[in-house]
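# Topology and contacts: notes
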Amino acid sequence: MRDSAARNTPAQASAARTSGPGATGPDAAPPPGAAPPADASATGSSPAAEHPVVPEPYLTELAAGVHAFIQPDGGWCLNNAGFVTNGDATLVVDTAATERRARLLRRRIAESGAPAPRMVVNTHHHGDHTYGNGVFAPEATVIGHASCRRELLAAGQQLHAVWPQVDYGDIRLTAPEITYTDELALHVGDIEVRLIHPGVAHTTGDTLVWLPRQRIVFAGDLVFHGGTPFVFMGSLTGSLRALELMRTLDAVTVVPGHGPVTGPEVYDGIERYLRFVGRLAQEGRAAGRTPLEVAREADLGPFAELAESERLVANLHRAYAELAGVAPGAPLDLVAGFGDMTVMNGGVPMACHA
């Protein structure tokens, strides 16, 4: 059963936003036109298991033929997706953590009048963005960065290992069949879709999905809106560079990997948080303190309102590693990182919200 400890440390639980713009808590209201809360069978949530019952995912139209598929509350395993269509062809951006949620995405696409997708683009390899690929393949070709393919195949059923109690459904791991290294241009009719690798940031294989004419970017987990950034499997310094790259795109609409659709103003808050982590790491490492010691004593200040505040300690693990000369994206100790996050979460394992 979800409680405040499921998303924040006890000291910060009361700071989670539950109403108003950008709300992410259990009482957060979807924007006008969003579907009402779904029952457990529709979303893949199970009241009998330790999953919160959350509002149903909803579509929001960003431009002609461009939709975002938003999954409240944006917590662990509740990512965003989207699709681009010209009426004759359809491209999907990311899928979902469970078969049922991926099938709901496919149904929403069909209900919009768009044809069945021919392409699926993954913004990175994490299971909440890729587990549902098999719902669209083989009719749709899966596309992603070369490292996304490698990491997905190496990670296997990654979410099962972290949250074994979740009913994921029939998950057929489906890695990108077409890969790229720097940039790749796709076309959905006359809609240009550019895939841009920003370097190692959230992971080693991130992709920005940029629609230049519409000035819309699907940012994947380079952007968390209302949630704490997570660079444990990527790079702190690389994430800062990725923000600078995104600023050069001059997007007016940003679809985050988690949280409600926003604008480029979201970049400033993410940068402030990442620099805060960097300062804590420099000071803590110089003082001979562990990431957990630093995280437990840190004053989050304005960042206390962000959900998943336990990610601070994992981010510090990455920042410490970079200060020690470890290459960006080099594997860190997952058991140590997730174990320390559990400690920061009041001794309660983080809840998968899918």
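Up top is the structure these notes are about.
Here we summarise the structure given alongside this text. (Residues numbered from 1 in each chain as written. Predicted model: local features only at pLDDT ≥ 70, side-chain atom pairs only at ≥ 80, totals over all residues. Heavy atoms only, no water.)

## Some points on the pairing of strand E12 (residues 253-258)
The condition that has to hold: Burial classification: accessible surface area is computed with a 1.4 Å probe over protein chains only, and a residue below 20% of its type maximum counts as buried, one above 50% as exposed, and the rest as partly exposed. Put simply, DSSP marks the helices as runs of H or I at least four residues long and the strands as runs of E at least two long, and each gets a number from the N terminus on. Pairing between strands requires that DSSP locate at least two bridges from one strand to the other.
Of all the six residues making up E12, six are buried; the element is thus mostly covered by neighbouring parts of the structure. Looking at chain direction, strand E11 (residues 216-224) and E12 are connected through five bridges and run parallel. Opposite phenylalanine 218, over in E12, you have valine 255 as the bridge partner.

## Some remarks on the packing of aromatic side chains
Test applied: Only Phe, Tyr and Trp rings take part, Trp by its six-membered ring, and two of them pair if their centres are within 6.5 Å. Stacked means planes under 30 degrees apart, edge-to-face means over 60, and tilted covers everything else.
Evaluated as defined, the whole model comprises nine aromatic pairs. On the basis of an interplanar angle of 85° and a centroid distance of 5.4 Å, the ring pair of tyrosine 273 and phenylalanine 303 is categorised as edge-to-face. In this pair, tyrosine 273 sits in helix H8 (residues 266-286) while phenylalanine 303 sits in the loop between helix H9 (291-297) and helix H10 (311-323), placing the two residues 30 residues apart along the sequence. With respect to burial, tyrosine 273 and phenylalanine 303 carry one shared label: buried.

## Thoughts on the environment of glutamate 322
The line we're drawing: Should any heavy atoms of two residues lie within 4.5 Å, those residues are considered in contact. Definition of a polar contact: a pair of N or O atoms within 3.5 Å, with one able to donate and the other able to accept a hydrogen when the atoms are protein atoms, and with sequence-neighbouring residues admitted only if both atoms are side-chain atoms.
Checked against the element boundaries, glutamate 322 lands in helix H10. The exposure class of glutamate 322 is buried, given its relative accessible area of 17%. Those residues within four positions of glutamate 322 in sequence are excluded, and the remaining contacts are Gly234, Ser235, Leu236, Thr237 and Pro328. Here leucine 236 takes part through its backbone nitrogen, which lies 3.1 Å from a polar atom of the side chain of glutamate 322.

## Points about unusual backbone geometry
Note the cis peptide between proline 72 and aspartate 73, where omega equals 5°. By the element assignment, aspartate 73 lies in the loop between strand E2 (66-70) and strand E3 (81-85). In this structure, the amide linkage connecting alanine 137 to the following residue, proline 138, adopts the cis form with an omega of 5°. Counting through the fold element by element, proline 138 comes out in the loop between helix H4 (133-136) and strand E6 (141-145). Unusually for a residue other than glycine, aspartate 94 sits at a positive phi of about 65°. By the element assignment, aspartate 94 lies in the loop between strand E4 (90-93) and helix H2 (99-111).

## Section: the pattern of salt bridges
What counts is decided by this rule: By convention in these notes, a salt bridge is any Lys or Arg side-chain nitrogen within 4 Å of a carboxyl oxygen on Asp or Glu.
For the structure on display, the rule yields 14 salt bridges. Between arginine 275 and glutamate 271 there is a salt bridge whose closest N-O contact spans 3.0 Å. Taken together, the positions of arginine 275 and glutamate 271, both in helix H8 and four residues apart, correspond to about one turn of that helix. Residue classification places arginine 275 among the partly exposed residues on the basis of a relative accessible area of 42%. Overall, glutamate 271 belongs to the buried group, its relative accessible area being 18%. Salt bridges linked by common partners bring Glu244, Arg247, Asp268, Glu271 and Arg275 together as one network.

## Some points on helix H7 (residues 236-249)
The condition that has to hold: An expected span of 1.5 Å times one less than the residue number is assigned to each helix.
Relative to the 20 Å expected for 14 residues at 1.5 Å per residue, H7 spans 21 Å between its end C-alpha atoms, a close match to the ideal helical length. Among the residues of H7, those classed as buried are Leu236, Gly238, Ser239, Leu240, Ala242, Leu243, Met246 and Leu249. Looking at the packing, one finds that the buried side of H7 touches strand E9 (191-196), strand E10 (208-211), E11, H8 and H10. At the exit of H7 stands aspartate 250, carrying a positive phi of roughly 60°.

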